[in-house]
Protein chains: 2
Amino acid sequence: MSQTLLFQWFLFFFILLTSATAARVNIPRLSPTGPRIIENPSEILSELASDDLETFFYNQTLDHFNYQPESYTTFEQRYVINSKNWGGANANAPILVYFGAEESLDNDLAAVGFLSDNAVRFNALLLYIEHRYYGKSIPFGSREEALKNGSTRGYFNSAQAIADYAEIILHVKKSFRAENSPVIVIGGSYGGMLASWFRLKYPHIALGALASSAPVLYFDDITPQDGYYSIVTKDFREASETCLQTIQKSWGEIDEIASKPNGLSILSKKFKTCKPLADSDELKNYLDSMYSSAAQYNKPPTYPVNIICRGIDGSSDTENDTLSKIVAGLFAYKGDRSCYINAATNVSETGEGWRWQTCSEMVIPIGRGNDTMFPPDPFDLESYIQDCKNLYGVPPRPHWVTTYYGGHSIKLILQRFGSNIIFSNGLKDPYSSGGVLENLSDTITAVHTVNGSHCLDILYADKTADPEWLVSQREVEIKIIESWINNYYDDLSKQQ
Amino acid sequence: MSQTLLFQWFLFFFILLTSATAARVNIPRLSPTGPRIIENPSEILSELASDDLETFFYNQTLDHFNYQPESYTTFEQRYVINSKNWGGANANAPILVYFGAEESLDNDLAAVGFLSDNAVRFNALLLYIEHRYYGKSIPFGSREEALKNGSTRGYFNSAQAIADYAEIILHVKKSFRAENSPVIVIGGSYGGMLASWFRLKYPHIALGALASSAPVLYFDDITPQDGYYSIVTKDFREASETCLQTIQKSWGEIDEIASKPNGLSILSKKFKTCKPLADSDELKNYLDSMYSSAAQYNKPPTYPVNIICRGIDGSSDTENDTLSKIVAGLFAYKGDRSCYINAATNVSETGEGWRWQTCSEMVIPIGRGNDTMFPPDPFDLESYIQDCKNLYGVPPRPHWVTTYYGGHSIKLILQRFGSNIIFSNGLKDPYSSGGVLENLSDTITAVHTVNGSHCLDILYADKTADPEWLVSQREVEIKIIESWINNYYDDLSKQQ
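Residues numbered from 1 in each chain as written. Chains lettered and ligands numbered in written order. Predicted model: local features only at pLDDT ≥ 70, side-chain atom pairs only at ≥ 80, totals over all residues. Heavy atoms only, no water.

Caption draft 1: Structural context of the overall build of chain A. Helix and strand counts for chain A come out as 19 helices and eight strands. Considering chain A as a whole, with its 496 residues, one finds that 62% of them fall into the buried category. Put simply, 75% of the contacts in chain A that link residues at least 6 apart link residues at least 24 apart. Here chain A has roughly 17,600 Å² of accessible surface; of this, 48% comes from carbon and sulfur atoms. (Helix = DSSP H or I, 4+ residues; strand = E, 2+ residues; numbered from the N terminus. Buried < 20%, exposed > 50% of the residue type's maximum accessible area, 1.4 Å probe, protein only. Contact = heavy atoms within 4.5 Å. Areas by Shrake-Rupley, 256 points an atom, 1.4 Å probe, with all protein chains shown as cover.)

Here you go:
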């Protein structure tokens, strides 16, 4: 199942990446070239005590911030409850809420373990909410209708999404007569940003937030644009210096061969591509994504970066040239397949949805300077804006996230404001470069691990194989959340 | 000039009141029956060193929470700057920001003194921002167009308004290269709610908020519905028990006379109405508003409640019946006029605008039980919703304010979240019943005076006549704000 999430986060990364490169490459590349389709998340789910999960639909307001007649349109928003271990309203037992992000809730249910792993310990009611415009929570009748044009797409943004979560949490608390139950919201990556922002915007609804691998500082110019690729590079350097050098050399060699007559077909053959390569960018972007996702999801026990580098370093190919090593890394990572790189796939809903989100408000400026293992490729905001405008008719609002949620001088601001947020990160995760890595106050805390990767702490725990540092990271987080809840119960008892 | 503000706040109250009574009376009474028009606020303004005020217009986004093409429509939003006493960007000197509420900014500039009175003390840049859909900050070309139908009115709400303020403050800070200058936001009544909500929602933009007479708890069922009229009654009781009894008796007598043949013309003659009374409600509602506004704006040195009660108690009318006493109170309060009560007036922009705001999101349930000096008149939410729906085509969202901004269990929530808000109140102000009257934490503070009325602390100080308790209330507030700013400077210097 972690493979499923790995895939999902990969998509997140991949779309971001391709969005970020919109300005440098031709526009069609904004859409993912080859996302795999999740195979039967419901099957995976059924292995996970799905008997305890109940699905509901909430009649959600389309536009919380407008009073036009259209704003009152509603759509069915999916949420899932597991009340098996809940301690009940009389005990004011806690509610753990998972914030769906840019995918179907089915995938989250199959991959995210933090809630179910801790339900007994917290006597908690578990609530999972799907993000609007994904999965079964689609306005306007169908995904096609919803994404079709500017007038239907416009409601698809983070402020509306967390307002949805506010309404559903209040509705569930009311239904369970659990008005005094403390609510902890949990999310990963984009969902982690939503969780931390929710605690800041709706402290009267959530007592605290666990924001796993949330790059809340990767907006505007807060984080240097090459933060992401610097860490990818560092991960490969730490795995193997020779591997890193081979990759560094490979880009020029690909260009060199591609520029020859018949060069693309030589490359296509060498990399066993499913279709002949259209240009060398197709190959380079694929490898770029592969290395980056290996770094982002560099999970124990296998550690994908190590797998790729073992392939590259250990190549015993008779030719033993740079590109053969790269091919060996690819095959090692992807396993035995009939072909690689450009197999035909459909654009996933995550691909389509996240592309819109990154082209409207979630403008995450990822670029590359001269110090990474990749060719330089700076982020160009002006071209990015123009490309998104061409694609959707409206320009992104690249400063809106910091206007609405903040981010600049975050410690100066939050050291005397707010409380009860955990920003968790794994430092091998390239997105940790945009994460909060120091405590902002006594109760706004950074928990990170040197060896961790993207969202590792909230995935299902593998009780037999998880390394000590991961087990201990989770324990630290749980203890912090327990302290929030205990303080809350103290306050509550004094008040009553 | 305080008379001007008194009038303005009266309007605020008046519209609220008539809105709140929508469910009990016929719908036309949702609109104010007789607001006076402000006479020449610009003349008043010119007395107030208007040379130091510079007016600007910001190209404001119509809809911050949507990405439809229409959302990108902009309108010119007015703001006014006084930089005369500013200490400059190098000193990170503070910025005091006044949040316009449901009226033209001209009125605020003429009435609100807190900023200009303290500009020298804080070396502050002063910024006054007009609320969207009022004054010269009207989308869609004209007020008529803007309020015409559901599709243009829908953008007229508080979440959009404070997002406007966020954008303008950031814009001004950038223009003055004052990125590190601390910002204190200040508002009264509805504007005070906006100020406190702004500090909670945009802590990265405002360091602190002074929320004067902000009834942030007068939503849902947090404050008892009769809170408002209980205080009006208490104010009259404290002024004069006999006066109170006369008023209590008068309602029945009005009804009795009105029910007689020719009764309405007897009443019209007795009260010197400008037009014959249409029904007894017209008279009773007028008196209701008069008593309430006298209580709400029971300002030194004259104290309107005392003026009315002296009129009522001191009546030497030969008849000396109850209604003659009421008439004497009316004349004492309103002064010598050719006629009273139903002079022809136009509906003001405040009247129109606030009616929409109270019929969409600002649902403040004011009702009356059996314990006030007025006839019982409970608030009926269902009828209110229906009436607003009939009027505007869409129902209000009576729970949205508490969903978005909170309010329930406010101490439990904010004792460990947020900082730097002053909730100031005067306990003679009927709206103080919905205000925050106890400290929520060390830095979220309640400052109130026993004898104060609505928004008194932020009006222009009358250096010769203001009573000691008012001078001292203002001093307490200023000291608190100074402590926020000093802490901020400490934090800033440690960071740099």
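Having put the structure on the table, let's press on.
Caption draft 2: How the structure looks around helix α11 (residues 263-270) of chain A. Residue and element names in this part refer to chain A. What α11 keeps buried is the set G263, L267 and S268. Buried residues of α11 fall within an arc of 135° about the axis and therefore sit on the same side. Elements that come into contact with the buried residues of α11 comprise α10 (241-259), α12 (280-296) and α14 (322-334). Backbone geometry just after α11 places K272 at a positive phi near 50°. (Arc of directions from axis to C-beta.)

Caption draft 3: Broad picture of the interface of chain B and chain A. Counting residues at the interface gives 52 residues for chain B and 52 residues for chain A. A per-residue breakdown of the area chain B buries against chain A is headed by Y67(B), R397(B) and F417(B), which together make up 18% of the total. At the boundary of chain B and chain A, one finds two salt bridges. One salt bridge connects R416(A) with D491(B), and the closest N-O pair in it is separated by 2.6 Å. On inspection of chain B and its partner chain A, the count reaches 34 residue pairs in polar contact (both at pLDDT 80 or more). Taken together, the elements giving at least two residues each to the side of chain B that touches chain A come down to α6 (150-153), α7 (158-175), α8 (190-201), α15 (349-360), α17 (400-405), α18 (410-414) and α19 (468-495) of chain B. The element that contributes the greatest number of residues to the side of chain B that touches chain A is α7(B), accounting for six residues. Classifying every residue of the side of chain B that touches chain A by side-chain character gives 24 nonpolar, 20 polar and eight charged. (Buried area = accessible area lost by both parts, 1.4 Å probe. Salt bridge = Lys/Arg side-chain N within 4 Å of Asp/Glu carboxyl O. Polar contact = N/O pair within 3.5 Å; in protein donor to acceptor, adjacent residues only side chain to side chain. Nonpolar A, V, L, I, M, F, W, Y, C, P; charged D, E, K, R; others polar.)

Caption draft 4: Quick peek at the relation of the copies chain B and chain A. Each copy superposes on the other: chain B lies on chain A with an RMSD of 0.0 Å after a rotation of 180° and an axial shift of 0.0 Å. Put plainly, the chains are arranged around a two-fold axis. When C-alpha positions in chain B are compared against the rotation axis, the closest is assigned to G418(B), at 2.4 Å. Take the interface residues of chain B: 100% of them recur as interface residues in chain A, which is what a same-surface contact looks like. (Least-squares fit on C-alpha atoms with pLDDT ≥ 70 in both.)

Caption draft 5: Geometry of the nonpolar core. Within the largest apolar cluster, 221 residues are counted, with the highest numbers of intra-cluster contacts made by F198(A), F236(A), Y291(A), F198(B), F236(B) and Y291(B). Discounting residues that sit within four places of it in the chain, F198(B) has contacts with F99(B), I162(B), Y165(B), A166(B), I169(B), V185(B), P203(B), I205(B) and A206(B). (Core = buried A, V, L, I, M, F, W, Y, C linked by side-chain atoms within 4.5 Å.)

Caption draft 6: Highlighting the pairing of strand β6 (residues 208-212) of chain B. All names here are of chain B. For β6, the buried fraction is high: five of the five residues fall into the buried class. For the handedness criterion, the β-α-β arrangement of strand β5 (residues 183-188), α8 and β6 is classed as right-handed. In terms of strand pairing, β6 meets strand β7 (residues 421-426) through four bridges, oriented parallel. Residue pairing across strands places A209 opposite I421, the latter belonging to β7. (Right-handed = clockwise from strand over helix to strand, strands pointing away. Pairing = 2+ DSSP bridges.)

Caption draft 7: How the structure looks around the sheet that holds strand β1 (residues 54-61) of chain A. All names here are of chain A. Pairing in this open sheet of eight strands is mixed, and the strands run β1-β2-β4-β3-β5-β6-β7-β8 from one edge to the other. At either margin of the open sheet sits one strand with a lone partner, and together these are β1 and β8 (444-449). Within the sheet, the average angular offset between the axes of one strand and its neighbour, ignoring direction, is 20°. In terms of strand pairing, strand β3 (residues 95-99) meets strand β5 (residues 183-188) through four bridges, oriented parallel. Within β5, the position partnered with Y98 by the bridge is I186. Contacting β3, β4 (125-129), β5 and β6 (208-212), helix α4 (residues 114-122) runs over the sheet at an angle of about 155° to β4. (Axes fitted to C-alpha atoms, helices over the stretch in contact; angles between N-to-C directions.)

Caption draft 8: Here's a closer look at the environment of A124(A). Residue and element names in this part refer to chain A. Structurally, A124 can be placed in the loop between α4 and β4. Each C-alpha atom, one on A124 and one on I95, is 5.2 Å from the other, the two residues being 29 residues apart in sequence. Other than its neighbours up to four places away in sequence, A124 contacts N82, N85, W86, P94, L96 and A119.

Caption draft 9: Representation of the environment of I222(A). Residue and element names in this part refer to chain A. Among the structural elements, I222 can be located in the loop between β6 and α9 (227-239). Given a relative accessible area of 25%, I222 falls into the partly exposed group. For the pair formed by I222 and E130, sequence separation is 92 residues and the distance between their alpha carbons is 30 Å. Residue contacts for I222: discarding those within four places in its chain leaves L217, T402, G407 and H408.

Caption draft 10: Geometry of the pattern of salt bridges. Applying the stated rule across the entire model yields 42 salt bridges over all chains. Notably, a salt bridge pairs E238(A) with K428(A), separated by 3.0 Å at the nearest N-O pair. Taken together, the residues E238(A) in helix α9 and K428(A) in the loop between β7 (421-426) and β8 connect sequence positions 190 residues apart. In this structure K428(A) comes out as buried when scored by relative accessible area, which is 14%. A salt bridge links K411(B) to E438(B), with the shortest nitrogen-to-oxygen separation between them at 3.6 Å. With a gap of 27 residues between them, K411(B) in helix α18 and E438(B) in the loop between β7 and β8 (444-449) connect regions that are remote in the sequence. The partly exposed category is assigned to E438(B), whose relative accessible area is 44%. Overlapping salt bridges, with partners in common, bring together R121(A), E475(A), K479(A) and E482(A) in one network.

Caption draft 11: Inspection of the side chain of K173(B) at higher detail. Residues and elements named next belong to chain B. Along the chain, the position of K173 falls in helix α7. Despite its burial, K173 pairs with no opposite charge, the nearest such side chain being E179 at 7.7 Å. From its side chain, K173 meets the backbone oxygen of S181 in a polar contact 2.9 Å long. Residues within four places of K173 in sequence aside, it is in contact with I95, A178, E179, S181 and V183. (Lys, Arg positive; Asp, Glu negative; His and termini not counted.)

Caption draft 12: Layout of the pairing of strand β3 (residues 95-99) of chain B. All names here are of chain B. With five of five residues buried, β3 is to be regarded as a mostly interior element. Here β3 shows no split at all, with I95, V97 and F99 on one side and L96 and Y98 on the other all buried. By the bridge criterion, five bridges tie β3 to strand β4 (residues 125-129) in an arrangement that is parallel. Its bridge partner lying in β4, F99 is registered against I129.

Caption draft 13: Summary view of the sheet that holds β8(B). Residues and elements named next belong to chain B. Read from one edge to the other, the open sheet built from eight strands follows the order β1-β2-β4-β3-β5-β6-β7-β8, with strand pairing classed as mixed. Since the sheet does not close on itself, it has two edges, and those belong to β1 (54-61) and β8, each with one partner. Going across the sheet, the axis of each strand differs from the next one's by a mean of 20°, ignoring polarity. Note that β1 and strand β2 (residues 74-82) share eight bridges and pair antiparallel. Bridge pairing in β2 places F57 opposite R78. Along the sheet face, helix α4 (residues 114-122) touches β3, β4, β5 and β6 and points at about 155° away from the line of β4.

Caption draft 14: Quick peek at the packing of α12(A) against α14(A). All names here are of chain A. Running from N to C, α12 and α14 cross one another at 55°; their axes reach a closest spacing of 12 Å. Taken together, the axes of α12 and α14 are oblique relative to one another. Two packed elements cross with a definite hand, and for α12 against α14 that hand is left-handed. The residues of α14 that touch α12, namely those facing Y286, L287, M290, Y291, S293 and A294, are I326, L330, Y333 and K334. In terms of residue class, the contact of α12 with α14 is made up of eight nonpolar, one polar and one charged. (Parallel < 35°, antiparallel > 145°, perpendicular 65-115°, else oblique. Left-handed = near helix turned anticlockwise from the far one by under 90°.)

These results come straight from atomic positions and should not be treated as a statement about function.
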